[in-house]
Amino acid sequence: MDYPEYLRKVPKVELHCHFEGTVRAATFADLARKHEVALPTDEVARLYDYDTIYEFLKIFGMVSSTLIDRADFARCAYESLEDGVRLGNLRYREMFFNPTLHTRRGIPMATVIDGLVDGIRAAETDFGVRCKLIADVYRQDAPELARQMVEEVLANRVDELIGLGMDGAEAPDPPEKFVEAYRAAKAGGLRLTSHASEDAPPVNITTCLDVLGCERIDHGYHILADTAVLNRCKDEGIYFTCCPTSTAVVYGWPDLTAHPIKDMVAAGLNVMLNSDDPTMFHTDLGREYVELCTALGYDQSTVRTLVLNGVDATWLDDTDKASLRTEFTGELDALDAALTGTDR
Ligand code: ADE
Ligand code: ZN
């Protein structure tokens with residue numbers, strides 16, 4: 001076993017992955033045909049080509065517009081988890097979805113949630129992978145629409161639905177815009193997270209923690225620009241869900257050695273790795289580990305820290321978390337033993 005194979009095989013948790021960003025290009029083309037949605041190109045291999053977050057979000061919306069029936073959501077959720085298992089030994093995911101990208105097109109919230117849950121349960125039966133759901137506020141929406149979305153999510157709540165998050169373009173729409181939506185989610189018993197300081201200053205991290213009540217931070221790449229925010233997050237043990245490839249592409253970091261994740265890990269923050277929008281950025285969870293850990297020269301002990309940070313950052317209950325930790329530790333020990341003496 002070589003090191004890339006080892007990195008693909010380590011058991012993984014994923015906490016920053018957008019359902020709509022996991023739709024296979026071939027499935028996108030298939031659903032577009034089924035529902036007669038016009039595509040920008042006939043070449044499946046070129047459907048997911050873009051250079052900026054804004055171009056990306058446009059295609060993200062177009063993918064969403066091909067998801068119409070409950071079966072469409074179920075198929076894509078199932079395929080998404082199948083890909084995570086096959087390409088990265090995914091064992092547990094807390095997955096984002098954007099309700100308003102669907103409900104604004106007249107798709108009932110129940111169709112979205114029930115379809116996702118059908119796919120999640122079928123994937124658990126077939127592959128043993130578990131998955132929960134986080135409904136994301138879309139930053140470009142009006143605050144009132146986001147608050148209504150939360151009420152509707154709570155009215156259609158299932159066991160799988162455990163949290164509220166927030167995504168979309170960060171710079172034009174700061175987190176405080178959505179304080180009411182977050183308040184309603186907390187009152188309804190949802191766990192809270194948000195994309196923050198992906199493409200904006202570290203003050204957005206402070207706002208997410210103190211004003212919105214977030215428990216984790218998704219991305220956080222500009223945190224090193226503010227020592228007080230950095231030290232606070234270290235002291236409080238805040239977990240950061242980081243995504244190497246997707247952000248290197250849209251923010252122009254030329255290769256992964258220039259990605260701020262390197263400095264975040266070196267500064268002692270609790271970082272864990274994710275694929276964000278894997279199919280849309282031509283990556284997968286296994287590849288994220290392979291590319292980042294080989295680019296930065298991370299050894300097995302750093303990989304173990306990244307993996308177990310993922311477990312500790314989940315919103316599983318303490319018993320479940322402890323047993324996942326034990327399971328992962330045993331598998332990491334066996335993989336480490338198998339790697340010893342082989343060529344890195
Ligand atoms: N929507 C899907 N992926 C996203 C990301 N990484 N940042 C902002 N919005 C997103
Ligand atoms: Zn994201």
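Reference entry: report on the structure contained in this document. Residues take numbers from 1 onward in each chain, read along the sequence in its written order. Think of it this way: whatever chain is written first is A, whatever ligand is written first is 1, and the rest follow in order. Given that this is a predicted model, residues contribute local features only at a pLDDT of at least 70 and side-chain atom pairs are listed and counted only at 80 or more, while totals for whole chains, interfaces and linings are drawn from all residues. Neither water nor hydrogens contribute to the side-chain values; these are computed over all heavy atoms in the structure.

All right, on to the overall build of the protein chain then. The secondary structure listing takes helices from DSSP runs of H or I that are at least 4 residues long and strands from runs of E that are at least 2 residues long, numbered from the N terminus. Looking only at helices and strands, the protein chain features 15 helices and 8 strands. Overall size of the protein chain, expressed as C-alpha extent along the three principal axes, is 55 × 45 × 40 Å. Residue burial is assigned from relative accessible area. The probe radius is 1.4 Å, only protein chains are included, and a residue is buried under 20% of its type maximum, exposed over 50%, and partly exposed in between. The 344 residues of the protein chain split such that 56% are buried. Sequence-distant contacts, at least 24 apart, represent 76% of the contacts inside the protein chain between residues at least 6 apart. When the accessible surface of the protein chain is split by element, carbon and sulfur atoms take 50% of a total near 13,000 Å². Whether two residues are in contact is decided by their heavy atoms, any of which lying within 4.5 Å being enough. Only the protein chains shown count as cover for residues, and all accessible areas are computed by the Shrake-Rupley method using a 1.4 Å probe.

A few words on unusual backbone geometry. A positive phi angle, close to 55°, is found at Glu36, a residue other than glycine. Along the chain, the position of Glu36 falls in the loop between helix H2 (25–35) and helix H3 (53–64). With relative accessibility at 76%, the residue Glu36 sits in the exposed group. At Asn89, a residue that is not glycine, the phi angle is positive and equals roughly 50°. Residue position: Asn89 is located in the loop between helix H4 (70–88) and strand E2 (90–97).

Bringing the packing of aromatic side chains into the picture now. Two aromatic rings, drawn from Phe, Tyr or Trp (for Trp, its six-membered ring), form a pair once their centres lie within 6.5 Å of each other, and the interplanar angle then sorts them: stacked below 30 degrees, edge-to-face above 60, tilted otherwise. Following the criterion strictly, the structure yields 10 aromatic pairs and no others. Note on Phe28 and Tyr48: the rings are 5.9 Å apart at their centroids and 5° apart in plane angle, and the pair reads as stacked. One end of the pair, Phe28, is in helix H2; the other, Tyr48, is in the loop between H2 and H3, and 20 residues separate them in sequence. Ring geometry for Tyr221 versus Trp253: centroids 5.9 Å apart, planes at 85°, classification edge-to-face. Remark: Trp253 occurs in the loop between helix H11 (244–251) and helix H12 (261–266) and Tyr221 occurs in the loop between strand E6 (216–219) and helix H10 (227–236); sequence separation between them is 32 residues. What makes Tyr221 buried here is its relative accessible area of 3%. Using a relative accessible area of 18% as the deciding quantity, one classes Trp253 as buried. Members of the aromatic cluster, connected to one another through ring pairs, are Tyr50, Phe56, Phe60 and Phe281. Geometry around Tyr289 places Lys12 over its ring, the cationic atom sitting 5.0 Å from the centre. Lysine NZ or arginine CZ positioned within 6 Å of the ring centre and within 35 degrees of the ring normal marks a charge as sitting over the ring. For the cation-ring pair, Arg216 lies above Trp315, with the distance from its terminal atom to the ring centre recorded as 3.9 Å.

Here the term donor refers to an N, O or S atom within 2.8 Å of the metal (or 3.2 Å for Na, K and Ca), and because water is left out of the atoms, sites may appear incomplete. Listed as protein donors to the zinc ion (ligand 2) are His16 (NE2), His18 (NE2), His195 (NE2) and Asp276 (OD); their distances from the metal cover 2.1 to 2.4 Å. Every geometry call rests on angle ranges, with four donors termed tetrahedral when all angles are between 85 and 135 degrees, four termed square planar and six termed octahedral when opposite donors are over 155 degrees apart and all others are between 65 and 115, and everything else termed irregular. Because the angles between the 4 donor atoms bound to the zinc ion (ligand 2) fall within 85 to 175°, the donor set is best described as irregular. When its relative accessible area of 3% is taken as the criterion, His195 is described as buried.

Before going further, it helps to spend a moment on the environment of Leu57. Examined against the element boundaries, Leu57 turns out to sit in helix H3. Sequence separation between Leu57 and Gly21 is 36 residues, and the spatial gap between their C-alpha atoms is 9.7 Å. Discounting chain neighbours no more than four positions away, the residues touching Leu57 are Tyr138, Gly168 and Ala169.

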